[in-house]
Amino acid sequence: MAGRSNRVGGVEPRPPRRRPTIEDVARVAGVSRGTVSRVLNGGHWVGAAAAAAVDEAIKQTGYRINPHARNLATSRANSIAFLLTESHERLFEDPNFSALMRGAAEALAEHDLPLVLLMAGSDDEQRRATEFIMAGHVDGALLVSSHRGRQSFLSEFAAARVPVIACGVPLGFEKSIGYVEADDVDGARAMVDYLRSTGRSTIAHIAGPLDTSGGIGRLAGYREEHGDAFDERLVAQGDYSRASGFAAMKELLERMPHLDAVFAANDLMAAGAIDALVAAGRRVPDDVAVGGFDDSPVAQRTDPPLTTMRQPFDRISREMVRMLLDVRDGQRAARLTVPTELVVRESA
């Protein structure tokens, strides 16, 4: 015989039907592969409409779940993201970020959980960080330094119920995302009141970015403490950097040369203000008293050392971790405001 025929009764056998894949389900449902995977793994972080589309696509394609793979996938990532929406330069310039990151890492270590740093200062970084988080590589995120208008990714997190706790109020998402904030308004009022108690009468303010809750709250406290005597000419804008504090102080001296005190919305800008005052021949605190906000390490390195409002960064980071783990475990997101404390040094 020349060879054995594959025909049976004269009929060519049919090739085995290809088993439907997650990609097939995603194509029929019109969603991403990651969304299908999240639905299969319990529906976490998926909107109702997307979940319904995936369920229907599973029926249409005949997709079958691999129980072993599903068991592997449903286990937690057992890590938490530290999501910083600032540039790489700001990470190293501003000591507040390292203080928060260190405190969060220490608090998570008590639960044997690592902290993953994700930078999201640019649009591309935000996209990559969002994809990383939504893919389930972490169990939630600690959001630090969110800016109104540059946080569209929060809509996706909120819709998918990704566990997120913010440091400061996440403007526009106050009702859907939990947060821990320092009492910015009361702290600013306390600083202005202290400067006034030292005999200062013309107290200026270097405000932080007004797309952040800290910038808004500290300006509000400054304004409230002045009441009807509030003068817009005594307010200049900064961006929390030392250079912006220097520029804002120069602007204030040109506009209101008789000022005798300045309250900056953070210590870095206060340090820049001292630099500008010294360059202008003004003595600190003899001619102009200077107050800051944070009590970061820079406050003890200025000349003279800086009077400031202390933010309890250790407590803030610990509370953020505690609240995030609660949300991860199914509890509702909480909101917490912690008090600040006046620290008096030689600058005022």
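Residues numbered from 1 in each chain as written. Predicted model: local features only at pLDDT ≥ 70, side-chain atom pairs only at ≥ 80, totals over all residues. Heavy atoms only, no water.

In the nomenclature of an unreviewed UniProt entry, the protein is known as LacI family transcriptional regulator of Agromyces albus.

Description of the overall build of the protein
Using the following cut-off: Here a strand is any run of E in DSSP of at least two residues, a helix any run of H or I of at least four, and the numbering for each starts at the N terminus. With C-alpha atoms as the basis for the radius of gyration, the globule rule is written as 2.2 Å multiplied by the number of residues raised to the power 0.38. Burial status follows relative accessibility: with a 1.4 Å probe on protein chains alone, a residue under 20% of its type maximum counts as buried, one over 50% as exposed, and anything between as partly exposed. Here the accessible surface of atoms and residues is derived via Shrake-Rupley with a 1.4 Å probe, and residues count as covered only by protein chains that are part of the display. Residues counted as positive are Lys and Arg, residues counted as negative are Asp and Glu, and His and the chain ends are not counted. Charge placement uses NZ in Lys and CZ in Arg. For Asp and Glu, CG and CD serve respectively.
When helices and strands are counted, the protein shows 13 helices and 12 strands. On C-alpha atoms alone, the protein measures out to a radius of gyration of 27 Å, which is more than a quarter above the 20 Å that the 2.2 N^0.38 rule sets for 348 residues. Dimensions of the protein along its principal axes, counting C-alpha atoms only, are 110 × 35 × 35 Å. A total of 348 residues make up the protein; the buried ones form 51% of that total. Carbon and sulfur atoms provide 50% of the accessible area of the protein, an area that totals close to 17200 Å². Measuring between centres, the 41 positive side-chain charges of the protein sit 11 Å from its 47 negative side-chain charges.

Here's the deal with the domain arrangement of the protein
Rules: What counts as a domain boundary in this text is fixed by an automatic or database domain assignment.
When its domains are assigned, the protein resolves into domain 1 (22-74), domain 2 (80-182 + 314-340) and domain 3 (184-310). Taking the mean C-alpha position of each, domain 1 and domain 3 sit 54 Å from one another.

Side note on the packing of aromatic side chains
The relative placement of two aromatic rings is captured by the distance of their centres and the angle of their planes. Put simply, the rule reads: By convention, a stacked pair of Phe, Tyr or Trp rings (six-membered ring in the case of Trp) has centres within 6.5 Å and planes under 30 degrees apart, an edge-to-face pair has planes over 60 apart, and any other such pair is tilted. Note on criteria: charge over ring means Lys NZ or Arg CZ within 6 Å of the ring centre, with the direction from the centre no more than 35 degrees off the ring normal.
Throughout the structure, instances matching the rule amount to three aromatic pairs. Taking the centre distance of 6.5 Å and the plane angle of 45° together, the rings of Phe 263 and Phe 293 count as tilted. Separated by 30 residues along the polypeptide, Phe 263 in strand E8 (residues 261-264) and Phe 293 in strand E9 (residues 289-294) bring together distant segments of the chain. Here Phe 263 falls in the buried class, since its relative accessible area comes to 0%. Accessibility expressed as a relative area gives 0% for Phe 293, which makes it buried. The lysine or arginine in question, Arg 218, covers the ring of Phe 293, its NZ or CZ lying 4.0 Å from the ring centre. Stacked on the ring of Phe 230, the Lys or Arg Arg 223 has its end atom at 4.1 Å from the ring centre.

Concerning the packing of helix H9 (residues 184-197) against helix H10 (residues 213-226)
What counts is decided by this rule: Axes, fitted as lines to C-alpha atoms, cover a helix only where it is in contact. Angles between the N-to-C directions of the axes lie from 0 to 180 degrees. Comment on the angle field: the value is read as roughly parallel under 35 degrees, roughly antiparallel over 145, roughly perpendicular from 65 to 115, and oblique elsewhere. Left-handed describes a crossing whose near helix is turned anticlockwise from the far helix by less than a right angle; the clockwise case is right-handed. It only takes one pair of heavy atoms within 4.5 Å for two residues to be counted as in contact. Gly counts as polar in this scheme, as do all residues outside two lists: the nonpolar Ala, Val, Leu, Ile, Met, Phe, Trp, Tyr, Cys and Pro, and the charged Asp, Glu, Lys and Arg.
In the contact formed by H9 and H10, the axes pass within 7 Å of each other and the chain directions differ by 45°. As far as their axial angle goes, H10 and H9 are oblique. Note that H9 runs across H10; the crossing there is right-handed. Side by side, H9 and H10 meet where Asp 184, Val 185, Ala 188, Arg 189, Val 192, Asp 193 and Arg 196 of the first sit next to Ser 213, Gly 214, Gly 217, Arg 218, Ala 220, Gly 221, Tyr 222, Glu 224, Glu 225 and His 226 of the second. Taken together, the residues of the contact of H9 with H10 sort by class into five nonpolar, five polar and seven charged.

Re the environment of Leu 142
Of note, Leu 142 is situated in strand E3 (residues 141-144). Distance in space between the C-alpha atoms of Leu 142 and Asp 55 is 31 Å, their sequence separation being 87 residues. Among all residues touching Leu 142, those that are not within four sequence positions of it are Ile 80, Ala 81, Phe 82, Leu 83, Ala 104, Leu 115, Ile 165, Met 320, Val 321 and Leu 324.

Examining the packing of helix H6 (residues 95-109) against helix H13 (residues 313-328)
Here H6 crosses H13 at 50°, and the two axes come no closer than 8 Å. When the axes of H6 and H13 are compared, the pair comes out oblique. As for the relative orientation of H6 and H13, their crossing is right-handed in sense. Between H6 and H13, the contacting residues are Asn 96, Ala 99, Leu 100, Gly 103, Ala 104, Ala 107 and Leu 108 on the first element and Phe 313, Ile 316, Ser 317, Arg 318 and Val 321 on the second.

With respect to helix H12 (residues 267-279)
Residues that lie three or four places apart on an α-helix share one face, since the helix turns once every 3.6 residues. Put simply, the rule is: Helices are assigned an expected span. That span is 1.5 Å times one less than the residue count.
Here H12 is 13 residues long and its end C-alpha atoms lie 18 Å apart, about the 18 Å a rise of 1.5 Å per residue gives. Along H12, the residues that are buried comprise Asp 267, Leu 268, Met 269, Ala 270, Ala 271, Gly 272, Ala 273, Ile 274, Ala 276 and Leu 277. Gly 281 sits one or two residues past H12 and shows a positive phi near 80°.

Section: the sheet that holds strand E6 (residues 203-207)
Short version of the rule: Being paired, for any two strands, means DSSP has found at least two bridges between them.
Reading across from one edge, E7-E6-E8-E9-E10-E12 is the order of the six strands in this open sheet, with mixed pairing throughout. With partners counted over all chains shown, the strands left at the sheet margins are strand E7 (235-237) and strand E12 (341-343), one partner each. With strand direction ignored, the average angle separating the axes of adjacent strands in the sheet is 20°. Relative to strand E10 (residues 307-310), E9 runs parallel, the two sharing four bridges. The residue of E10 that forms the bridge with Phe 293 is Met 309.

Section: the sheet that holds strand E11 (residues 335-338)
Across the sheet, six strands lie side by side as E2-E1-E3-E4-E5-E11; this open sheet has parallel pairing. Pairing within the sheet leaves two strands with one partner each, and these edge strands are strand E2 (115-119) and E11. Ignoring strand direction, the axes of neighbouring strands in this sheet form an average angle of 20°. Where strand E1 (residues 80-84) and E3 come together, four bridges link them in parallel fashion. Bridge assignment links Phe 82 to a residue of E3, and that residue is Leu 142. Strands in contact with helix H7 (residues 123-134) are E1, E2 and E3; relative to E2, the strand with the most contacts, it is inclined by about 150°.

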